[in-house]
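One-letter residues, chain by chain:
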Amino acid sequence: MNRIILIGNGFDLAHGLKTSYADFIDWYWDKRIFDLHDNYSKVSKDILCTITSLSDNTWQYFYWLNQSVLHSTPGKEVIKQLLADKANYQITKSDFFSMISSSDPQWSNIENTYYRLLFPFIGNSFFPYYDNKPKELNEELAYVRTLLIKYLKTVQENCISDEIVYLDIIEKLYAPFKPRDISIGAKLEWKRFVDERFKFDSNIRWDDVSDWDELLEAFDVKDRKQSKQEIKQFIKSYQEQVGYMGIESIVKHEFPEHFLLPNRIMLLNFNYTNTADLYLRKNERFVINHIHGNLNEPDSVIFGYGDELDENYKKMLEKNDNEYLRNIKSVKYLESSNYRNLLEFMESSPYQIFIMGHSCGNSDRTLLNTLFEHKNCVSIKPFYHKWDDGTDNYMELVQNISRNFTDMKLMRDRVVNKTFCETI
């Protein structure tokens, strides 16, 4: 039995990294204000936003005149001041940027906004002047993608190193299975897994290394000799009982600590940063899949929307215009082998899912539905965030998870209840 760990932006945030949507927008405004220092015109423009001086002064003069203030004031505050002075300054945003720079500060908001803005142009014969809008929208999203890669590269180069690794996260990632987490519908898969472990000790390689030796070493168990002795004693004590009464006769807490270690683990990284790589053990049992690409290969970065279950997706296909599909994730997945590697891992064995820092929003709905409702999925365990005031986001996470299911009965069986979940 394997484990797939979904790693989202909350994972980076838990490490103190400034990778939030709000951090990116703040960086964008800082960049726009800094770029004024060598602008000798009265217009500062990119594809998202135009900042115009209505006075006789150029932006370079404005920057020179106010540089002491600008160096100590966040760019977003300078923009607010310019917006307030309508007599001298004008700021014009595209519809797309206007929505993503002033709404709910979450990464999925960019992708959701992009998708919603496509709706009016799907089969809309009443507004023919929108015919070219998808192309413009795609150009804006591509520009945001370019800026995002540039911003996250600075974070990765300056802030991500071995020093930020948390030992408690390592323990959670590589923890043994807990019987209570396994869904009722996966009892047969669980029985097969435990039966397999009872037969481990009989498999000795030519170099006198058993399956237990190899497994315990791979998971870097500290006292492997003692752990192996405990496992052997457990097998000896329960072998006959299991033969007569079945796996169910073993009380859950009686399993030795390392008896239920996963066979293999995949870190399914939805981030573009390499924070998750810091936790990857150098062993063939453990792999990392940068499903949305990584910053070291900018062309691999997938940024778009992924909800084929939405009723408007079919309308987009019927439109017969590839501009509508340019940034749909399920199409972009075909540009690399990452998605295929994930499918092969899913098909190879039953698996448990850990969710660490992924919001499970609609922008990844197609992929998450495939993962959550697959016949080999035996458990979905969300790790939730708890704030200082005692509140947490477990319920929000479960609500989002439910939107990725088409079978609610299956969802209620597979998702681990809050009593048995943990924080990150």
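Details of the structure are given in the entry above.
Note that the structure is a prediction, hence the values are computed from the model and not measured.

**Student:** Could you clarify how one ought to interpret a nonpolar patch on the surface in this entry?
**Tutor:** A cluster of nonpolar side chains, contributed by Tyr61, Trp64 and Leu65, occupies part of the molecular surface with about 340 Å² of accessible area. When you line up the elements, Trp64 lands in helix H3 (residues 59-70).

**Student:** Is there a simple way to think about the sheet that holds strand S1 (residues 2-7) in this case?
**Tutor:** Sheets are built from strands that pair by backbone hydrogen bonding, the pairs being arranged parallel or antiparallel. An order of S6-S5-S1-S7-S8 is seen for the five strands of this open sheet, with the pairing classed as parallel. Each edge of the open sheet carries a strand with a single partner, namely strand S6 (286-290) and strand S8 (377-383). Strand-to-strand twist of the sheet, defined as the mean angle between neighbouring strand axes without regard to direction, takes the value 20 degrees. The pairing of S1 with strand S5 (residues 265-269) spans five bridges and is classified as parallel. If you follow Ile4 over to S5, its bridge partner there is Met266. Packing of helix H16 (residues 394-402) onto the sheet brings it into contact with strand S7 (351-356) and S8, and relative to S8 it is tilted by some 145 degrees.

**Student:** How should I be thinking about the packing of aromatic side chains in this particular structure?
**Tutor:** The relative placement of two aromatic rings is captured by the distance of their centres and the angle of their planes. Counted according to the given criterion, the structure contains 29 aromatic pairs. Plain terms: the ring middles of Phe177 and Phe193 are 5.4 Å apart, the flat faces sit at 90 degrees to each other, and that makes the pair edge-to-face. With a gap of 16 residues between them, Phe177 in the loop between helix H8 (167-173) and helix H9 (187-198) and Phe193 in helix H9 connect regions that are remote in the sequence. Using a relative accessible area of 3% as the deciding quantity, one classes Phe177 as buried. For Phe193, a relative accessible area of 3% gives the class buried. Centre to centre, the rings of Phe200 and Trp212 are 4.9 Å apart; their planes meet at 65 degrees, and the pair counts as edge-to-face. With Phe200 in the loop between H9 and helix H10 (211-218) and Trp212 in helix H10, the pair connects residues that are 12 residues apart, well separated along the chain. Note on accessibility: Phe200 and Trp212 belong to one class, buried. Three or more aromatic residues joined by ring pairs form one cluster here, namely Phe198, Phe200, Trp212, Phe234, Tyr238, Phe255 and Phe259. The residue whose ring lies beneath Arg281 is Tyr174, and the NZ or CZ to ring-centre distance is 4.3 Å.

**Student:** What am I meant to see in the sheet that holds strand S2 (residues 43-45) here?
**Tutor:** Pairing is antiparallel across the open sheet formed by three strands, whose spatial order is S2-S3-S4. If you trace the sheet from one side to the other, it starts and ends with S2 and strand S4 (89-93), each paired once. Taking each pair of neighbouring strands and ignoring which way they run, the sheet shows an average axis angle of 10 degrees. Sitting on the sheet, helix H2 (residues 21-34) is in contact with S2, strand S3 (49-53) and S4, with an inclination near 40 degrees to S3. H3 rests against S2, S3 and S4 of the sheet, and its axis sits at about 75 degrees to S3.

**Student:** Help me understand H10 in this model?
**Tutor:** In an α-helix, one full turn covers 3.6 residues, which means residues spaced three or four apart are oriented alike. Within H10, the full set of buried residues consists of Trp212, Glu214, Leu215, Leu216 and Ala218. Those residues of H10 that are buried are in contact with H9, helix H11 (224-245) and S6. One or two positions beyond H10, positive phi appears at Asp220, with a value near 55 degrees.

**Student:** Which parts of the structure should I look at to understand unusual backbone geometry?
**Tutor:** Notably, Asp220 is not glycine yet its phi reads approximately 55 degrees, a positive angle. Here Asp220 shows up in the loop between H10 and H11. A positive phi angle, close to 60 degrees, is found at Cys360, a residue other than glycine. With relative accessibility at 0%, the residue Cys360 sits in the buried group.

**Student:** Help me understand the packing of H9 against H11 in this model?
**Tutor:** Think of two packed helices as two axes; the pair is described by the angle between the axes and how far apart they sit. The contact between H9 and H11 brings their axes to 11 Å, and the two run at 125 degrees. Here H11 runs oblique to H9, going by the angle between their axes. Two packed elements cross with a definite hand, and for H9 against H11 that hand is left-handed. Here Asp195, Arg197 and Phe198 of H9 lie close against H11, whose contacting residues are Phe234, Ile235, Tyr238, Gln239 and Val242. Here the residues of the contact of H9 with H11 sort into five nonpolar, one polar and two charged.

Calculation notes
- Residues numbered from 1 in each chain as written.
- Predicted model: local features only at pLDDT ≥ 70, side-chain atom pairs only at ≥ 80, totals over all residues.
- Heavy atoms only, no water.
- Patch = residues over 30% accessible without salt bridge, like charges linked within 9 Å, V, L, I, M, F, W, Y side chains within 5 Å.
- Areas by Shrake-Rupley, 256 points an atom, 1.4 Å probe, with all protein chains shown as cover.
- Salt bridge = Lys/Arg side-chain N within 4 Å of Asp/Glu carboxyl O.
- Helix = DSSP H or I, 4+ residues; strand = E, 2+ residues; numbered from the N terminus.
- Pairing = 2+ DSSP bridges.
- Axes fitted to C-alpha atoms, helices over the stretch in contact; angles between N-to-C directions.
- Contact = heavy atoms within 4.5 Å.
- Phe/Tyr/Trp six-rings, centres within 6.5 Å; stacked < 30°, edge-to-face > 60°.
- Buried < 20%, exposed > 50% of the residue type's maximum accessible area, 1.4 Å probe, protein only.
- Lys NZ or Arg CZ within 6 Å of the ring centre and 35° of its normal.
- Parallel < 35°, antiparallel > 145°, perpendicular 65-115°, else oblique.
- Left-handed = near helix turned anticlockwise from the far one by under 90°.
- Nonpolar A, V, L, I, M, F, W, Y, C, P; charged D, E, K, R; others polar.

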